[in-house]
Amino acid sequence: MSDRTLTEAPAPASSRHVDAGDEGYSKDLKSRHINMIAIGGAIGTGLFLGAGGRLAGAGPSLAIAYAVCGVFAFFVVRALGELVLYRPSSGAFVSYAREFMGEKGAYTAGWLYFLNWSTTTVADITAAATYAHFWSLFTDVPQWVLAFIALAVVLTANLISVKYFGEMEFWFSLVKVAALVVFLIVGIWLVATSHEIGGHTPGLSTITDNGGIFPSGVLPMLLVIQGVVFAYASVELCGVAAGETENPEKIMPKAINSIMWRVGLFYVGSVVLLALLLPYTAYSSDQSPFVTVFDKLGVPGAAGIMNLVVLTAALSSLNSGLYSTGRILRSMSLSGSAPKFTGVMNKGKVPYGGVLFTAAFGVAGVGLNYFMAEEAFEIVLNFASLGILGTWAMVMLCSLHFWRRAKQGRVERPAYRLPWAPYTQLVTLAFLLTVLVLMWCDGGVGRTTVMFVPAIGAALVGGWFLVRRRVAELAASRD
């Protein structure tokens, strides 16, 4: 099939790349859904739970790590936004990889994304179970039981229809945003009034008297970057959701552009406040740093409410993961690179085969919570980071191919573009490679994870040989 040709008049529909995976969806996601999904993608488990352990390791310099990763996350979602405006697709970057890099590219992009979200699903149910243990009612309940309940509840809602997903994600995101706004207001007031928190007086001295911005040196800040990348894992979700909304060309630019200031306000601002409120040594990986602050503040019920909020964040991320992988797997299934059953839709126009396939890996995560409850979150976080790095790299490679075709006059770039192309793509790819090197340098679980890269590569190659005949047959039938 030919690509859209550069002409003064709009190209006819028949000249555009057509992805079979885009057909059959309802267009029930509204502007408010997309905007809140974009916010939800920028505020996830990595901030609410992961920031505690990273603050304890890197100190206030964690804010710098969040800022740097946030810039590159914005580049990725801006590149995806340009592709979405060129051709909205529920297959998102998998569909674009198919158009610009062929079926092998689509196959690789799709399974790397699945690696990301199948492991993130485990991280989310682990986080949900960890949060639930905050309340005495659930203290004696095994972590794996709570993880299973979280998975079952979100899976059930996700299978009904995209409208239910959109509404659930809208309210989940609204709760997260409202909670962070409240925290920012309260935190600023506590710092401004020097109000004591657990016997400590907040302020700039909290940083200067405890080793400064880099209490353990620059290296710990660099090493936590691979974990910080996980915090931005859902920013690409709005690109997937664009395939199920009307008028994406009006909705998407506004939603994507707002991600940058959200990153600055919610991520960097929150971490700076956390560092000003309590010494970095007061935080730990066992508890959300926001819960730690309100717990030490001694406000009756405040810690419990904040814990409910961070539980909502985990469920929101789980909800998003099941949604997006279902759509990506359907796009792959209809091209032959994923199992046939993942392309099946129910009466609610939900690709339930792909959703259930992802949920099955969540069940495996329940087992991980049974055997390795203490290490479960960090283990899956590192593997999820590999998937994220691969997914972001594929988005930027698609963007780079798109830019080259535009320079050749074979396609037309929309008015909404990734700035400074192609240098932005190249610098972002270099950054992603650097993160992989940092994972190796971190030792421990991070180095072990990087050692699995050859195995993941071998699995992708082996899988391709298993599906290539079906891929070729389906491609021939489409042509």
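The preceding data block contains the structure.
Residues numbered from 1 in each chain as written. Predicted model: local features only at pLDDT ≥ 70, side-chain atom pairs only at ≥ 80, totals over all residues. Heavy atoms only, no water.

## What about the side chain of Ser-118?
As a reminder, the rule being used: Secondary structure elements follow DSSP: runs of H or I no shorter than four residues count as helices, runs of E no shorter than two count as strands, and numbering proceeds from the N terminus. Note on classification: 1.4 Å probe, protein chains only; a residue is buried when its accessible area is under 20% of the maximum for its type, exposed when over 50%, partly exposed between these limits. Each polar contact in these results corresponds to two N or O atoms within 3.5 Å; when the atoms are within protein, one needs to be able to donate a hydrogen and the other to accept it, and residues that are neighboring in sequence are counted only if both atoms are side-chain atoms. Here, residues are in contact when the closest pair of their heavy atoms is within 4.5 Å.
Topologically, Ser-118 is positioned in helix α5 (residues 92-132). Ser-118 sits in the buried class, given a relative accessible area of 6%. Within the structure, the side chain of Ser-118 is placed 2.7 Å from the backbone oxygen of Phe-114, a separation counted as a polar contact. Reaching out from Ser-118, the side chain makes a polar contact with the backbone oxygen of Leu-115 at a distance of 3.3 Å. Residues contacting Ser-118, with those up to four places away along its chain left out, are Thr-358 and Phe-361.

## Quick word on the environment of Pro-88
The residue Pro-88 is located in the loop between α4 (62-86) and α5 in this model. Take Pro-88: its relative accessible area is 35%, and that puts it in the partly exposed class.

## So, helix α19 (residues 453-478)
We apply this condition: To get the bend at a residue, fit one axis to the 7 residues ending there and another to the 7 starting there, then take the angle between the axes.
At Val-467, α19 shows its maximal bend, which comes to roughly 50 degrees. Among all positions of α19, only Leu-460, Gly-463, Trp-464, Val-467 and Val-471 are buried. Close packing links the buried residues of α19 with α5.

## Some points on the side chain of Ser-331
The topology assignment puts Ser-331 in helix α14 (residues 302-333). The class for Ser-331 is buried, based on a relative accessible area of 1%.

## A look at the pattern of salt bridges
When the charged atoms of two side chains with opposite charge come close together, those side chains can pair. Worth spelling out the cut-off: Note on definitions: salt bridges are taken to be side-chain nitrogens of Lys or Arg within 4 Å of carboxyl oxygens of Asp or Glu.
Throughout the structure, instances matching the rule amount to three salt bridges. The closest approach of N and O atoms between Arg-87 and Glu-99, which form a salt bridge, is 2.9 Å. One end of the pair, Arg-87, is in the loop between α4 and α5; the other, Glu-99, is in helix α5, and 12 residues separate them in sequence. Glu-99 carries the same exposure label as Arg-87, and that label is buried. Here Arg-98 ties to Glu-103 by a salt bridge, and the two come within 3.2 Å at their closest N and O atoms. With relative accessibility at 9%, the residue Arg-98 sits in the buried group. For Glu-103, a relative accessible area of 15% corresponds to the buried category.

## Looking at the packing of helix α6 (residues 143-158) against α14
The cut-off we apply is this: To obtain each axis, a line is fitted to C-alpha atoms, and for helices this fit is confined to the stretch in contact; angles are then taken between N-to-C directions over 0 to 180 degrees. Roughly parallel means an angle under 35 degrees; roughly antiparallel means over 145; roughly perpendicular covers 65 to 115; every other angle is labelled oblique. By convention the crossing between two helices is left-handed if the near helix lies anticlockwise of the far one by an angle smaller than a right angle, and right-handed if it lies clockwise. Charged residues are taken to be Asp, Glu, Lys and Arg, nonpolar residues to be Ala, Val, Leu, Ile, Met, Phe, Trp, Tyr, Cys and Pro, and polar residues to be all remaining types, Gly included.
Where α6 contacts α14, the axes come no closer than 10 Å and their chain directions differ by 50 degrees. When the axes of α6 and α14 are compared, the pair comes out oblique. Note on packing geometry: the crossing formed by α6 with α14 is right-handed. Facing α6, whose interface residues are Ala-150, Leu-151, Val-154, Leu-155 and Asn-158, α14 presents Leu-315, Leu-318, Asn-319, Leu-322, Tyr-323 and Arg-327. In terms of residue class, the contact of α6 with α14 is made up of eight nonpolar, two polar and one charged.

## A word on unusual backbone geometry
Put simply, Ala-421 and Pro-422 share a cis peptide bond, and its omega is 5 degrees. Checked against the element boundaries, Pro-422 lands in the loop between α16 (376-407) and α17 (423-441). Within the chain, Ser-194 stands out as a residue other than glycine whose phi angle is a positive 55 degrees. As for its position among the elements, Ser-194 is in the loop between α7 (162-193) and α8 (205-208). Taking relative accessible area as the criterion, Ser-194 reaches 38% and is therefore assigned partly exposed. For Trp-420, which is not a glycine, the phi torsion comes out positive at approximately 60 degrees. Tracing the chain through its elements places Trp-420 in the loop between α16 and α17.

## Structural notes on the environment of Leu-29
Tracing the sequence through the fold places Leu-29 in the segment before α1 (31-42). Separated by 216 residues in the primary sequence, Leu-29 and Thr-245 have C-alpha atoms spaced 4.8 Å apart. Ignoring sequence-local partners within four residues, the contact set of Leu-29 consists of Ile-34, Ile-37, Val-162, Gly-166, Ala-241, Glu-244, Thr-245, Glu-246 and Tyr-323.

## Some words on a nonpolar patch on the surface
This is how the line gets drawn: Nonpolar side chains (Val, Leu, Ile, Met, Phe, Trp, Tyr) are joined into patches within 5 Å and like charges within 9 Å, using only residues with over 30% relative accessible area and no salt bridge. Note on areas: these come from Shrake-Rupley sampling with a 1.4 Å probe, and a residue is covered only by the protein chains present in the view.
Nonpolar side chains collect at one region of the surface, where Ile-64, Val-68, Ile-213, Phe-214, Val-218, Leu-219 and Leu-222 lie side by side and expose about 540 Å² of accessible area between them. When contributions to the nonpolar patch are tallied by element, the ones reaching two or more residues are α4 and α9 (218-223). Mapped onto the fold, Leu-219 is located in helix α9.

## Thoughts on the nonpolar core
For clarity, the cut-off: Take the buried Ala, Val, Leu, Ile, Met, Phe, Trp, Tyr and Cys residues and link them wherever side-chain atoms come within 4.5 Å; each set so joined is a nonpolar core.
By size, the foremost hydrophobic cluster in this structure holds 149 residues, and its most contacted members are Tyr-66 and Tyr-232. In terms of residue count, α5 provides more of this core than any other element does, 23 residues in total.

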